[in-house]
Amino acid sequence: PAVVRLEAQGTVTSALSLLDQPPLSIMEKAGLSPTLADGRLRATGTLALPLKKGLKTSDLVYNATGTAFNVVSTELIEDRRLAASALRVVADNTGIAVSGPGTLDGVPFDAVWTQPISGTPQPGQVTGTLELSERTIDAFQLGLPPGLVTGKGRGDIVVDLPVGGRDPTFSLETNLRGIRLSAPPLGWNKPASGTGRLSMAGSLGQTPRVDRISLDAPGLRATGAITLTPGGGLERARFGRVEVGQWLDAPVDLIGRGANTAPAVEVRGGTLDLRKADFGGTGSGTGGQQGGGPRSLTLERLQITDTIGLTNLS
């Protein structure tokens, strides 16, 4: 038996290339390239192995810890620029873990990337917290209407990194603290000091996709999905149910009309109660526009007074 004690420094690429040599072949087993990231690395560790010919991976036991400096990667999440001044790196027979603060397309995060290692390529995962603000919406091209989100909060995010060239998928949850939401066409807003729950899930491919979005905040509940245009921006946000106060319960679509333009609003059924309604003003939110985009309503019932109502109204 032998034990090699390591103390090394160099480029991230050279370190990953060394780890990818047989019989370790760590990057190959992870389904990743040694050119995954640029930066500098300082690391220490040990490698235990028997001194014999024909070594197998199972004959080696290794562990290493270190710090990567000035890291930049556009390959970990394709077409997304990840940058960090310093990240902690841990590697052993089970996998690689890289953790610390950084930015993803300019949006601050504090997360850990874990990559299992086995005989065949395995999916990796990023978990942590991400800033939620207008620049997050812009960076990820989520296509939400301008002025809907202001302020700054934090969200818990999970990004799954599949093998085989498939698009990464994500899920995000936040309590909305620090985030101000404003929907002028509905006369509704949530102050930054208030809380609620927003969850999203979708894909971070070349054209991002939001397969599920759910909002539960004081005075407003909505569930639906968002499709985006190939160049980024809102194509359609389709909500199967939107509940506003005690006056609206209906499926609603927001239809994109280009950048920096309020979307069209299309109500596709449900009920509206004019006795309690408060909609169509500017709200009190920054970025709100008087009147907003065009609106069309197709209602199962419009309640006008206690004794007067209309059904099947367009």
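For the structure itself, consult the block above.
The paragraphs below set out a description of the structure included in this document. (Residues numbered from 1 in each chain as written. Predicted model: local features only at pLDDT ≥ 70, side-chain atom pairs only at ≥ 80, totals over all residues. Heavy atoms only, no water.)

## So, a negative patch on the surface
Note the threshold: Like charges within 9 Å and nonpolar side chains (Val, Leu, Ile, Met, Phe, Trp, Tyr) within 5 Å are joined into patches, using only residues over 30% in relative accessible area that form no salt bridge. Each accessible area value is a Shrake-Rupley result obtained with a 1.4 Å probe; residue values ignore everything except the protein chains displayed when judging cover. Here, a salt bridge means any side-chain nitrogen of Lys or Arg that lies within 4 Å of a carboxyl oxygen of Asp or Glu. When charges are counted, Lys and Arg contribute as positive and Asp and Glu as negative, whereas His and the chain ends are disregarded. Charge coordinates come from a single atom per side chain, which is NZ of Lys, CZ of Arg, CG of Asp or CD of Glu. Only DSSP runs of H or I with at least four residues qualify as helices, and only runs of E with at least two residues qualify as strands; both kinds are numbered from the N terminus onward.
The grouping of Asp38, Glu75, Glu78, Asp79 and Asp167 at the surface amounts to a negative patch. Assignment of secondary structure puts Glu75 in the loop between strand 3 (61-73) and strand 4 (82-92).

## Let's talk about the pattern of salt bridges
What the rule picks out here adds up to 14 salt bridges. In this structure, the salt-bridge partner of Asp211 is Arg209, at a minimum N-O distance of 2.6 Å. Linking Asp249 and Arg241 is a salt bridge whose minimum nitrogen-to-oxygen distance equals 2.7 Å.

## Digging into a nonpolar patch on the surface
The condition is simple: Per-residue accessibility, obtained with a 1.4 Å probe over protein chains only, is compared with the maximum for each type, and a residue is labelled buried under 20%, exposed over 50%, and partly exposed between these values.
On the surface, Leu274, Ile304, Ile308 and Leu310 cluster together into a nonpolar patch covering about 300 Å² of accessible area. Checked against the element boundaries, Leu274 lands in the loop between strand 18 (271-273) and strand 19 (295-297). Since its relative accessible area comes to 37%, Leu274 is described here as partly exposed.

## Description of the side chain of Ser199
Where we set the bar: Polar contacts, as used here, are pairs of N or O atoms within 3.5 Å; protein pairs need one atom able to donate a hydrogen and one able to accept it. Residues neighboring in sequence count only if both atoms are side-chain atoms. The criterion used for residue contact is that any of the two residues' heavy atoms lie within 4.5 Å.
Its place among the elements puts Ser199 in strand 12 (residues 197-203). Judged by its relative accessible area of 1%, Ser199 falls in the buried class. Reaching out from Ser199, the side chain makes a polar contact with the side chain of Arg212 at a distance of 3.0 Å. If we ignore the near neighbours within four places in the chain, the residues touching Ser199 are Leu172, Glu173, Arg212, Ile213 and Ser214.

## Section: the environment of Pro168
Structurally, the position occupied by Pro168 is in the loop between strand 8 (149-161) and strand 9 (169-174). With 40 residues separating them along the chain, Pro168 and Pro208 place their C-alpha atoms 9.8 Å apart. Apart from residues no more than four positions distant in its own chain, Pro168 is found in contact with Ile77, Val159, Asp160, Leu161, Pro162, Gly202, Ser203 and Leu204.

## With respect to the pairing of strand 5 (residues 95-104)
Note the threshold: Note on pairing: DSSP must find at least two bridges between two strands before they are called paired.
Bridge count between strand 4 and strand 5: seven bridges; the pairing is antiparallel. In the sheet register, Arg88 faces strand 5, and the bridge partner there is Ser99. The turn linking strand 4 back onto strand 5 is made up of two residues. Bridging between strand 5 and strand 6 (residues 107-116) involves 10 bridges; their strand directions are antiparallel. Opposite Ala97, over in strand 6, you have Thr114 as the bridge partner. Here strand 5 hands over to strand 6 after two residues, with Asp105 in that stretch at a positive phi of 50°.

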